[in-house]
Amino acid sequence: MRIVVAGAGTIGSLFAAHLATVADVAVLTRRDDHARRLNEHGLRVSGRADFTAQVRAATDPDELGEADLVVVACKGGDLEPLAASIGRRFAGATVMTTQNGLGAEEVMAAHGAWPLLSSVTFMSGTRHDDAHVEYVLDTATWIGPYRGTTHADAEAVAALIRSAGLKAEAFDDLRPAQWSKLIFNATVNTVAALTGLPHDFHFAEGMLGELVHGLVDEGKAVAAAAGVELREDPWEMNVHATQRGHAHYPSMLEDVKAHRPTEIELITGSLVREAERTGVSVPLHTAMYSLVKAKEASYS
Amino acid sequence: MKVAIIGCGAVGSLFAAHLAQLDDVEVWAYDLSREHVDAINEHGLRLSGAGEVVGRLRATADAAELPGCDFGIVATKAMHTSAAIAATAHAFAGGCVATVQNGLGNEEAIAEHVGNVIRGTTFPAGKILAPGHVQWDVKGDTTLGPYEPKPAPLDEVERLADACTRGGMPTTAVPDARGPQWRKVIFNASTNPIGALTGLTHGRVCERPDLRALVSDLVDEGKAVAAAQGIELDADPEALIDHAAKPEVAYDHKASMLQDVEARRTTEIDYLNGGIVRFGREHAVPTPLNQAIWALVKGMESSWTR
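Our subject in this report is the structure included herewith. Everything numeric here is computed off the predicted structure, so don't read it as measured data.

The rules behind each value
- Residues numbered from 1 in each chain as written.
- Chains lettered and ligands numbered in written order.
- Predicted model: local features only at pLDDT ≥ 70, side-chain atom pairs only at ≥ 80, totals over all residues.
- Heavy atoms only, no water.
- Helix = DSSP H or I, 4+ residues; strand = E, 2+ residues; numbered from the N terminus.
- Rg over C-alpha atoms; globule rule 2.2 N^0.38 Å.
- Buried < 20%, exposed > 50% of the residue type's maximum accessible area, 1.4 Å probe, protein only.
- Contact = heavy atoms within 4.5 Å.
- Areas by Shrake-Rupley, 256 points an atom, 1.4 Å probe, with all protein chains shown as cover.
- Lys, Arg positive; Asp, Glu negative; His and termini not counted.
- Charge placed at Lys NZ, Arg CZ, Asp CG, Glu CD.
- Axes fitted to C-alpha atoms, helices over the stretch in contact; angles between N-to-C directions.
- Parallel < 35°, antiparallel > 145°, perpendicular 65-115°, else oblique.
- Left-handed = near helix turned anticlockwise from the far one by under 90°.
- Nonpolar A, V, L, I, M, F, W, Y, C, P; charged D, E, K, R; others polar.
- Polar contact = N/O pair within 3.5 Å; in protein donor to acceptor, adjacent residues only side chain to side chain.
- Pairing = 2+ DSSP bridges.
- Right-handed = clockwise from strand over helix to strand, strands pointing away.
- Buried area = accessible area lost by both parts, 1.4 Å probe.
- Salt bridge = Lys/Arg side-chain N within 4 Å of Asp/Glu carboxyl O.
- Phe/Tyr/Trp six-rings, centres within 6.5 Å; stacked < 30°, edge-to-face > 60°.

1. Things to note about the overall build of chain A
Logical step 1: On a plain count of helices and strands, chain A comes out with eleven helices and twelve strands.
Logical step 2: Taking 300 residues into account, the globule formula puts the C-alpha radius of gyration at 19 Å, and chain A, at 18 Å, falls close to it.
Logical step 3: The principal-axis extent of the C-alpha atoms belonging to chain A is close to 50 × 35 × 35 Å.
Logical step 4: Residues classed as buried in chain A amount to 59% of the 300 residues present.
Logical step 5: Pairs at least 24 apart in sequence give 70% of the contacts found in chain A among residues at least 6 apart.
Logical step 6: With the model as given, the accessible surface of chain A reaches about 11,600 Å², and the carbon-plus-sulfur share is 49%.
Logical step 7: A distance of 3 Å separates the average location of the 26 positive side-chain charges in chain A from that of its 39 negative side-chain charges.

Set out below in structure tokens:
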């Protein structure tokens, strides 16, 4: 089994290192020094697991050889250039997207004829450096067919991921899960990015809890209008996450703190565009969308 | 006549130094910053920028030192109103107390301690450069009027307005001062927190069409709450917002709330958007966006102490 993991941030690193224990894994990085570091030192995992995996890495997809599975794990904002760079390569591979929000599958579909799987991942970690990732939350990755794939294909990849020590589950239709996470992310990530608060008890009570509830309700209205039955209630997901005793720093908060571009377009942007398409009014998400984009603009 | 400025920050200092120019007015300033108080007593209170003024007055950090006064002008940050007026109310047993503060709720807080209250709104602004020295950034008008539940007599309001005007702070006395107050509150509530949440200056907020639309949505909620109370705004806050966005006016101005956020100081959000939400509830006017902005800024404040 030959796997290419495209993108070696936190999620990409967690997939690459674990999958390397059961398959031949090559990692596509953006920076040469990152690739060199992985080739020389391997990829260390700490936290819930503790091992160092041997992986091959390069910045040029042509150096990675062929693949049976490509896991696209870059940030949403890097997706378009990445899709262009691997387009027409890896002809025999199935491609699986893992990005937050909606629309990553369409971007990949536009750049190649691969069979496509969708996924959403709830696992989380902290990237300590280019060659060291800490595995923090061992929550599952959910996988479903998208184009030219079946539930059996999704299950095969889920089984592979499980054999590598991560949690994964296959679904007939990923949209109910994907939309649950979309609404959850559009709500929690933007509130965290604007307030500077990690996902803690403030999100489930008082004034901020009311805002979170209002954002979730708007998201549910859009899902209903789009004909998607949610798998989980995003408000329940929110309350549950705040009770874990460990306050998670959503990636959008980390991005804002580091003055990096955020995933606002794929997350809230997708939701606001779906709301427009279905004729649902989402004043709170529209406000959050404008505020986070403006915050990105304030870096320069 | 005797006038005590309660809270001698930037705005309080503008009133104190100007009133001190008048021979017929004895000015006192009450402020908790001992350095500022000592500097004022030693060297006078100096304004520079929009004009050069030095006022000679008595400053104190000890409320018990204040003599009985004809007028008080409260100019603290809104969250300090209650403590400041509780400490100084004894000086106004026979006088009237005006607020020139930002936001909603200051009159109510003052009325809990004194009998004759004056609602006020002021547009001049500045910042403290050093103890005893204030940068006067923006000139502007002040409007005073009786606070209805515990009103000061209109002729007393006129006497204070006249003194301010003669001292160099143009001030008008009107029977109903809610219009200018709500115009300024709506302006501040619709723009300051947007700057504070995004880090953008006023001009940059206004040149992003989607963000400017959010500002207008916030303005509309504020206008609806004002209208439900029968308040007629003296001018459209939108005009003030667009005027301030001009390069020669306040394009590069960082809202005071953004300055507070950068310094991790508690903001006046409770008295701006919080005030609009509170009055909205009392008059059954929904204010979901002001409530969202209020919650976000409160969330930001709690992230500092987490």
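2. Side note on the packing of helix α8 (residues 209–228) of chain B against helix α9 (residues 237–244) of chain B
Residue and element names in this part refer to chain B.
Logical step 1: For the pair α8 and α9, the least separation of the axes is 10 Å and the interaxial angle reads 150°. Our classification of the angle between α8 and α9 gives roughly antiparallel. The way α8 lies across α9 gives a crossing that is right-handed. Within the contact between the two elements, α8 uses Arg-212, Val-215, Ser-216, Val-219 and Lys-223 and α9 uses Pro-237, Glu-238, Ile-241 and Asp-242.
Logical step 2: Classifying every residue of the contact of α8 with α9 gives four nonpolar, one polar and four charged.

3. Topic: the environment of Thr-88 of chain B
Residue and element names in this part refer to chain B.
Logical step 1: In this structure, Thr-88 sits in helix α3 (residues 81–88).
Logical step 2: Overall, the relative accessible area of 0% leaves Thr-88 in the buried class.
Logical step 3: Sequence separation between Thr-88 and His-113 is 25 residues; the distance between their C-alpha atoms is 9.1 Å.
Logical step 4: For Thr-88, the residues in contact, after removing those within four places along its chain, are Ile-6, Tyr-30, Ala-63 and Leu-66.
Logical step 5: Of the polar contacts made by the side chain of Thr-88, one reaches the backbone oxygen of Ala-84; its length is 2.9 Å.

4. Observations regarding the pairing of strand β11 (residues 142–146) of chain B
Residues and elements named next belong to chain B.
Logical step 1: Extensive coverage of β11 is indicated by the burial of five of its five residues.
Logical step 2: Note: β11 against strand β12 (residues 171–173), three bridges, orientation parallel. Paired with Thr-143 across the two strands is Thr-172, which belongs to β12.
Logical step 3: One crossover worth recording links β11 to the parallel β12 by way of helix α5 (residues 154–167), and it is right-handed.

5. Points about the interface of chain A and chain B
Logical step 1: Counting residues at the interface gives 26 residues for chain A, matched by 24 residues for chain B.
Logical step 2: Where chain A abuts chain B, roughly 2,000 Å² becomes buried across the two surfaces, and 66% of that area is made up of carbon and sulfur atoms.
Logical step 3: When the area that chain A buries against chain B is broken down by residue, the three leading residues are Thr-195, Met-207 and Leu-291 of chain A, summing to 27%.
Logical step 4: On inspection of chain A and its partner chain B, the count reaches one salt bridge.
Logical step 5: Measuring nitrogen to oxygen at the nearest pair gives 3.7 Å for the salt bridge that ties Lys-293 of chain A to Asp-210 of chain B.
Logical step 6: At the surface where chain A touches chain B, the tally comes to seven residue pairs in polar contact (both at pLDDT 80 or more).

6. Re the pairing of strand β1 (residues 2–6) of chain B
Residues and elements named next belong to chain B.
Logical step 1: With four of five residues buried, β1 lies mostly within the body of the structure.
Logical step 2: Relative to strand β2 (residues 26–30), β1 runs parallel, the two being bridged by five bridges. Considered in β2, the bridge of Val-3 is made with Val-27.
Logical step 3: Taken together, β1, helix α1 (residues 10–19) and β2 constitute a β-α-β crossover, and its handedness is right-handed.

7. Brief notes about the environment of Gly-95 of chain B
Residue and element names in this part refer to chain B.
Logical step 1: Looking at the element boundaries, Gly-95 is found in the loop between α3 and β7 (96–99).
Logical step 2: In this structure Gly-95 comes out as buried when scored by relative accessible area, which is 3%.
Logical step 3: Once the C-alpha coordinates of Gly-95 and Val-174 are considered, the two residues, 79 residues apart in sequence, prove to be 19 Å apart.

8. Some points on the sheet that holds β7 of chain B
Residue and element names in this part refer to chain B.
Logical step 1: Read from one edge to the other, the open sheet built from eight strands follows the order β5-β2-β1-β6-β7-β8-β11-β12, with strand pairing classed as mixed. A strand with exactly one partner marks an edge of an open sheet, and here the two such strands are β5 (58–60) and β12. Averaged over neighbouring strand pairs, the angle between their axes works out to 20° when direction is ignored.
Logical step 2: This element, helix α6 (residues 178–198), spans β8 (117–122) and β11 of the sheet and lies at about 45° to β8.

9. Details of the packing of aromatic side chains
Residue and element names in this part refer to chain B.
Logical step 1: Applying the stated rule across the entire model yields three aromatic pairs over all chains.
Logical step 2: With centroids separated by 5.6 Å and ring planes inclined at 85°, the aromatic side chains of Trp-182 and Phe-279 adopt a geometry described as edge-to-face. Taken as a pair, Trp-182 in helix α6 and Phe-279 in helix α11 (residues 273–282) lie far apart in primary sequence, 97 residues in all.
Logical step 3: On the basis of relative accessible area, Trp-182 is assigned to the buried category, the value being 2%.
Logical step 4: A residue is classified by how much of its surface remains accessible, and Phe-279, at 11% relative accessible area, is buried.

10. Considering unusual backbone geometry
Logical step 1: In this model, Phe-90 of chain A sits at a positive phi of 50°, which is unusual for a non-glycine residue.
Logical step 2: Residues other than glycine seldom take positive phi values, yet Ala-284 of chain B does so here, at roughly 55°.
Logical step 3: Within the secondary structure layout, Ala-284 of chain B lies in the loop between α11 and α12 (288–304).

As far as function goes, none of this settles anything; it's purely spatial.
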